[in-house]
Amino acid sequence: MTVLLETRALVKQFGEFRAVDRVDFRVEEGEVLALIGSNGAGKTTLVNLISGLLRPDAGQIVFRGADVTTQSVHERIAAGIARSFQLVNLFDQLSALDNVALAIFSRQGKTRKLWALAEADRPVWQEALEILATFRMDGKATVPAGGLSQGERKLLDVAIAYALRPRLLFLDEPTSGVSTREKAPIMDTISAVVRSERISAAIIEHDMDVVFSYSDRIVAMHQGAILADGTPDEIRRDERVLTTLIGTPETR
Amino acid sequence: MTTAALALEHRSPVRTLGWAIPALVILVALPWVADQYQTILLAYGLIMGIAALGFNLLLGYTGLLSFGHSAYFGVGAYSVALMVKYLDVTSMELFLAGAVVACVLVTAVFGFACVRYTRIFFGILTMALSQVLWSLAFKFFWVTGGTDGLRVPTPTLLGVLTGAGDKIEFLATAYYYYVLAIFAVCVAVMWVIVNSPFGRALQAIRDNEVRAAFVGIQIRKYRWVAFLVSGVFTGLAGALWVPLNGLTTPDIMHWTFSGEIVFMTVLGGFRSFTGPVIGAIVFNYLKTYAVGYTVYWQLLLGVVLVILVVSLPTGIVGTFERLWTRRRSR
């Protein structure tokens, strides 16, 4: 397997608190990786550093062989890093279709055009509709994002990121705030998309059933550092992970 | 076909043009039915409409409340007056070109500083910068004429039409149609801009800055371009205004005039495309008649603003649209 993304001794400090502490993290081409850890373990901070929302205090981020540590968000997106958000982050007044179309316009560099009508660009709308269909959301195309159910909003958030045609997709808790019954269909949809397109995905998740059934590899974080890294089976047996994160079998 | 595909079919870029043609016909026909005073009054309204249209690209579409648009209106007006004073220019086309160039330069610099901030910080900074220009116009009297201002004679339109005969007649016919033509072009251009992929990106920035950044939009750069376009529209309005008024004084650079632009836009409704234009025309009548009616006209306008914000927060156009859809759905 080839390494797609790598961080080297990445550090992020918030005052006295070291949220990410010399983390060496990697994502390989085509894998679905789960990032687990208790609240405050540094998972979201790590994703924020890699996606460009935050700047690291030290260390390096290498994506496809190029150092992206000081690149801006839009440069990283152009390189192929996209993300969704833990607290769903949509354009609530725009329809589901408009949300996806915006990402396509941006990807194609068309948002720089002042002298063209967005509505008249048929291929973009066609593609947006196809992406919604991929996420089984085409029935909701005209509904404003603010009027969708929590599960649909989660999927739309991922669909927007997917519309950027990334090579690496970070999903920050794609099933949080969703009923247990809805979790499996959401993960099935996302998993089908990323696996069929061979997009590498790194998913932050708290639900251990989801983590074990959908990922190829699991990285466990604790207090800003990586605690364990292995296949689901290895992680299931890892003593440190069991005691610090999952709890003993009796409590589960 | 799914419902969504049908919905796609329904989206037609020209569907919103329904209101534009009748409105234009009325505006063209008006000088035949209305007297000269009313026509000139409307010309003022249309000019303010251009200014408010530009202003609303920032407020309504990008989510930035500028409190310094008087600066760009003033740059437009003063660049015309200075072209008269120092270069003896009389061609209106040269005036407009000069005003656009001056506005691009000023808004590029001011915008560069302002778009680093949002919300109240943005508002305060735009206001402070406009006050700098106001004090320059006020203090450098040997250039700007100070509080006496600078006179601007009637210009030559398209190289042939001059106000050599009856000045009022000229302003109420030739100049009115000149203003109307530029107004129509400005409305059309702005309509394309807000409906362009760029316009969509601005609305995305307004609604959710962080997410807009994470679909790859360069927030500051786009805000800066919006600022530039906005300032140039308002500056163009200033350039059209000054021959009509015959005089420019530092008053139009003062922040209270920025407040009037905000007022017009809110009056008409900043959430709709036509709102600022309607608001500007209505405001122009309101102010003219309030000034004629009482020396306490500012009090009167203040009361109107309070009533407006409390009872019609979506402005004239927003309220009208709501009533209209309610009637149709009945």
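Residues numbered from 1 in each chain as written. Chains lettered and ligands numbered in written order. Predicted model: local features only at pLDDT ≥ 70, side-chain atom pairs only at ≥ 80, totals over all residues.

### Description of the interface of chain B and chain A
The partner chain A presents 35 residues to the 27 residues of chain B that form the contact. Looking at the side of chain B that touches chain A, the elements that each hand over two or more residues are helix H1 (3–10), helix H8 (167–194), helix H9 (197–207) and helix H10 (209–213) of chain B. The leading source of residues in the side of chain B that touches chain A is H9(B), at six residues. Counted by class, the side of chain B that touches chain A contains 16 nonpolar, seven polar and four charged residues. (Contact = placed C-beta atoms within 7 Å. Helix = DSSP H or I, 4+ residues; strand = E, 2+ residues; numbered from the N terminus. Nonpolar A, V, L, I, M, F, W, Y, C, P; charged D, E, K, R; others polar.)

### Describing the environment of Ile218(A)
All names here are of chain A. In this fold, Ile-218 is placed in strand E9 (residues 217–222). Separated by 185 residues in the primary sequence, Ile-218 and Leu-33 have C-alpha atoms spaced 5.7 Å apart. With near-sequence residues (within four places) excluded, Ile-218 lies in contact with Ala-34, Ile-36, Val-211, Gly-230, Pro-232 and Ile-235.

### Thoughts on the nonpolar core
Side chains that are nonpolar tend, in soluble globular proteins, to be buried together. In this structure, Val100(A), Leu132(A), Ala159(A) and Ile47(B) are the most contacted members of the largest nonpolar core, which totals 180 residues. No other element matches helix H3 (residues 36–62) of chain B, which puts 15 residues into this core. Sequence-distant contacts of Ala159(A), defined by excluding residues within four places in its chain, comprise Val100(A), Ile131(A), Leu132(A), Phe135(A) and Met137(A). (Core = buried A, V, L, I, M, F, W, Y, C linked by C-beta atoms within 7 Å. Buried ≥ 20, exposed ≤ 12 C-beta atoms within 10 Å, placed from the backbone.)

### Details of the environment of Thr69(A)
Residues and elements named next belong to chain A. Along the chain, Thr-69 turns up in the loop between strand E5 (66–67) and helix H2 (73–79). In sequence terms Thr-69 and Ser-51 are 18 residues apart; their C-alpha atoms lie 9.8 Å from each other. Filtering out sequence-adjacent residues up to four positions away, Thr-69 remains in contact with Pro-56, Gln-60 and Ile-61.

### Some thoughts on the sheet that holds strand E3 (residues 32–36) of chain A
All names here are of chain A. Pairing within the open sheet is mixed, and its six strands lie in the order E6-E7-E8-E3-E9-E10. Pairing within the sheet leaves two strands with one partner each, and these edge strands are strand E6 (81–83) and strand E10 (225–230). Looking at each pair of strands side by side, their axes are set apart by 20° on average, direction ignored. The sheet contacts of helix H1 (residues 43–51) involve E3, E6, strand E7 (168–172), strand E8 (200–204) and E9, and relative to E7 the element is tilted by about 145°. (Pairing = 2+ DSSP bridges. Axes fitted to C-alpha atoms, helices over the stretch in contact; angles between N-to-C directions.)

### Quick word on the sheet that holds strand E2 (residues 17–28) of chain A
All names here are of chain A. Pairing within the open sheet is antiparallel, and its four strands lie in the order E2-E1-E4-E5. Two strands close off the open sheet at either side, each with one partner strand: E2 and E5. Packing against the sheet, H1 makes contact with strand E1 (3–14), E2 and strand E4 (58–63), and its axis sits at approximately 65° to E2.

### Comments concerning the pairing of E10(A)
Relative to E10(A), E9(A) is paired through five bridges, and the arrangement is antiparallel. By the bridge assignment for E10(A), His222(A) is matched with Ala225(A).

### Quick word on H3(B)
Residues and elements named next belong to chain B. In this model, H3 (27 residues) spans 38 Å end to end at C-alpha, consistent with the 39 Å of a helix rising 1.5 Å per residue. The buried fraction of H3 is high, at 22 of 27 residues. Positioned one or two residues after H3, Gly-63 has a phi angle of 80°, which is positive. (Expected span 1.5 Å × (residues − 1).)

### Topic: unusual backbone geometry
Non-glycine residue Arg64(A) carries a positive phi angle of around 50°. Along the chain, the position of Arg64(A) falls in the loop between E4 and E5. Positive phi values are uncommon outside glycine, yet Asp88(B) reaches one of about 55°. As for its placement among the helices and strands, Asp88(B) is situated in the loop between helix H4 (69–87) and helix H5 (92–114). Taking the number of C-beta atoms within 10 Å as the measure of exposure, Asp88(B) has 7 and is therefore exposed.

Geometric descriptors of this kind do not, in isolation, establish any biological role.
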